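Observations on chain architecture
Each chain, letter by letter, is given below.
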Amino acid sequence: MDTLAVFDTTLRDGEQSPGASMSIEQKCEIAAQLARLGVDVIEAGFPISSPRQFEACRLIAERVEGPVVAALARALDEDIEAAAEAVRGGKRTRIHTFIATSPIHMEHKLGKKPEEVLEMTVRAVKLARSFTDDVEFSPEDATRSEIDFLCRVVEAAIDAGAGVINIPDTVGYAVPHEFGDFIRTIREKVPNIDKAIISVHCHNDLGLAVANTVSAVENGARHAELTVNGIGERAGNAALEEFVMALKVRSDIMSYRTGIDTHQIYNTSRLVSNIIGFPIPRNKPVVGDNAFAHEAGIHQHGVIKRRETYEIMTPESVGRDFSNIVLGRHSGMHGFKKRLDELGLALTDDELASAYARFLEIADRKKEVFDDDLYAIIGEELGRQAARYSLEYFNIISGNVSVPTATVRIRTGDEVIEEAATGDGPVDAVFIAIDRALGVKTTLNEYTVQAVTPGKQALGEVTVVLEIDGEHCVGRGSSTDILEASARAYVNALNRYELIKRNGDRR
Ligand code: KIV
Ligand code: ZN
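Reading the values: the criteria
Residues numbered from 1 in each chain as written. Chains lettered and ligands numbered in written order. Predicted model: local features only at pLDDT ≥ 70, side-chain atom pairs only at ≥ 80, totals over all residues. Heavy atoms only, no water. Axes fitted to C-alpha atoms, helices over the stretch in contact; angles between N-to-C directions. Helix = DSSP H or I, 4+ residues; strand = E, 2+ residues; numbered from the N terminus. Parallel < 35°, antiparallel > 145°, perpendicular 65-115°, else oblique. Left-handed = near helix turned anticlockwise from the far one by under 90°. Contact = heavy atoms within 4.5 Å. Nonpolar A, V, L, I, M, F, W, Y, C, P; charged D, E, K, R; others polar. Buried < 20%, exposed > 50% of the residue type's maximum accessible area, 1.4 Å probe, protein only. Polar contact = N/O pair within 3.5 Å; in protein donor to acceptor, adjacent residues only side chain to side chain. Near = heavy atom within 4 Å. Areas by Shrake-Rupley, 256 points an atom, 1.4 Å probe, with all protein chains shown as cover. Pairing = 2+ DSSP bridges. Domains from an automatic or database assignment. Buried area = accessible area lost by both parts, 1.4 Å probe. Salt bridge = Lys/Arg side-chain N within 4 Å of Asp/Glu carboxyl O.

This paragraph deals with the packing of helix α6 (residues 147-160) against helix α7 (residues 176-189). Two elements in contact, α6 and α7, have axes whose closest approach is 10 Å; the angle formed by their N-to-C orientations is 55°. Relative to α7, the element α6 is oriented oblique. The crossing of α6 and α7 is right-handed. Here Ile-147, Asp-148, Leu-150 and Cys-151 of α6 lie close against α7, whose contacting residues are Phe-182, Thr-185, Ile-186 and Lys-189. Its residues assigned to classes, the contact of α6 with α7 shows 5 nonpolar, 1 polar and 2 charged.

Pasting the structure below:
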């Protein structure tokens, strides 16, 4: 079996999804889980782009044991120096530098001639090599580059010391057989290619990112850049869970070994979804709610008789082996923590204490607390430490003959603000009251509510997408009361906006 390196860029390209900004602690939390998942490389961020990105890279490099920690840098001295400084404290670190090589990017984005791009490539790789032996180079928009020029750049980057050459399909333009041929051509045309590992980084604009990655591997790539749940710029990147399971399930025809512990896939997916506030679509392969659900009678009958009739992998193989352990209001801290550990949800002592308090509140209203409820609770708690606003109290009067009226009390630091408002309905009233309390102007672009688990006592999970000053901010909240879940989601989105504002990221 050939070995294939898994490079996870959830914390860099994934975080570039509109609305997916994370706090430093949230990024560290995900990095720790990626290490448990068994990825080979964690791309922790883009240090020059903001102090938060720099600090997150620094802490992840310092704390993470196992995977290589990479930092991204344009082919510019200041970027490379910032990336080097950010990961300096780590044991195994990499600088990943890139510059665009397609005519459209060189002319309209960079305003540079091909020869200048070639020179910048060599300079950047050499500078990066002066800080570390592990340097990756990416010719951005490779798939729309002129092949002979691309091969010259790749050859020069390898001569300058790049050990990994990453071929990005930056705009998700390639189709599988073409991308496979492209990788093969690079292998044939670049004379020193055997001195480097070929990596691929596929975007999903045409829904082909995983297929393109598989095709590249079949043609010699040995390093795949992926994100959890496929998050990333625009339509996202190749989804780690789909790619890894495709190789595992079809090992009869694709014989590659990765270091991924597939039993950690589901936990990782839920953790990322809960932290960034993006729900996992029900029909998402491998990790969606419906991925192992059989609706048609004929299918159910088949699965009962023999699972393999309609299941090509087991839920257990991706860590979806929910136990029958159900927590309730009599569950102590010990049992609560034990279950979180089993689900791979590692919390600090402070997070654990507040998560347990929230668990007790929910268990008081809802007799049985399931694993999915725990994921929802923990997702909210992880963001709380960095949050600026917290909802202390709300009251809503509503009915078919009264004007819906909401009162809210919100804490921000030592200050407590109370406001009231009327609205078209109870949710509208509570949102207007929050806007008034915090003096913000928002547009509500999306509002969805879904039950976390089956049954009448299920937790309702609300997701909102707010537009504030041109930023899209996702917020999520859960409660047995959907009005409370709505208010929590709204405040969560406002906290995310504060985070984006505070970080001042330039990407
Ligand atoms: O999509 C892309 O080209 C990138 C590069 C920085 C690798 O994300
Ligand atoms: Zn990308």
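Time to look at the side chain of Arg-339. Locating Arg-339 in the fold gives a position in helix α12 (residues 333-342). We classify Arg-339 as buried; its relative accessible area is 7%. At a separation of 2.7 Å, a polar atom in the side chain of Arg-339 contacts the side chain of Asp-371.

Surrounding ligand 1, one finds Arg-12, Asp-13, His-96, Phe-98, Ser-138, Glu-140, Asn-166, Pro-168, Thr-170, His-201 and His-203. His-201 places a side-chain nitrogen or oxygen 3.1 Å from an oxygen atom of ligand 1. Alone, ligand 1 offers 250 Å² of accessible surface; in the complex the protein occludes 94% of this.

In terms of residue burial, helix α8 (residues 209-218) counts as a mostly covered element, since 8 of its 10 residues are buried. Of all the positions in α8, only Ala-209, Val-210, Asn-212, Thr-213, Val-214, Ser-215, Ala-216 and Val-217 are classed as buried. Contacts made by the buried residues of α8 are with β7 (164-169), α7, β8 (197-202), β9 (223-226), α9 (240-249) and β10 (256-257). In the stretch just after α8, Gly-220 is the one whose phi turns positive, near 115°.

Next up on the list: the packing of α12 against helix α13 (residues 349-365). Remark: α12 packs on α13, axes separated minimally by 11 Å, with the N-to-C direction vectors making an angle of 110°. By the criterion of interaxial angle, the relationship of α12 to α13 is roughly perpendicular. For the pair formed by α12 and α13, the contact residues are Met-333, Phe-336, Lys-337 and Leu-340 on the first element and Leu-352, Ala-353, Ala-355, Tyr-356 and Phe-359 on the second. Grouping the amino acids of the contact of α12 with α13 by side-chain chemistry returns 8 nonpolar, no polar and 1 charged.

Along any regular strand, the residues point their side chains to alternate faces of the sheet. Where strand β12 (residues 405-412) lies against strand β13 (residues 415-422), 8 bridges are found, and the strand directions are antiparallel. When the bridges of β13 are listed, Ala-406 appears paired with Ala-421. Where β12 folds back onto β13 in an antiparallel hairpin, the turn is made up of 2 residues, including Gly-413, whose phi is positive at roughly 60°.

Let us now look at the domain arrangement of the protein. Per the domain assignment, the segments making up the protein are domain 1 (2-276), domain 2 (290-321), domain 3 (323-381) and domain 4 (387-503). For domain 1 versus domain 3, the separation of C-alpha centres amounts to 35 Å. Between domain 1 and domain 3, the residue contacts involve 8 residues of the former and 11 residues of the latter. Summing both sides of the interface, domain 1 and domain 3 together bury roughly 780 Å²; the carbon and sulfur share of this comes to 41%. Put simply, domain 1 and domain 3 have 1 salt bridge between them. Between Asp-372 and Arg-270 there is a salt bridge, with its nearest N and O atoms 2.8 Å apart. When residues of the side of domain 1 that touches domain 3 are traced back to their parent elements, those giving at least two are α1 (24-37) and α10 (265-276).

Strand order in the open sheet formed by 3 strands is β14-β15-β16, and the pairing between neighbours is antiparallel. Looking at which strands have only one partner, the edges of the open sheet turn out to be β14 (443-451) and β16 (471-479). Neighbour to neighbour, the strand axes of the sheet diverge by 15° on average, direction disregarded. Sheet topology places strand β15 (residues 460-468) next to β16; 9 bridges connect them, and they run antiparallel. Residue pairing across strands places Leu-466 opposite Cys-473, the latter belonging to β16.

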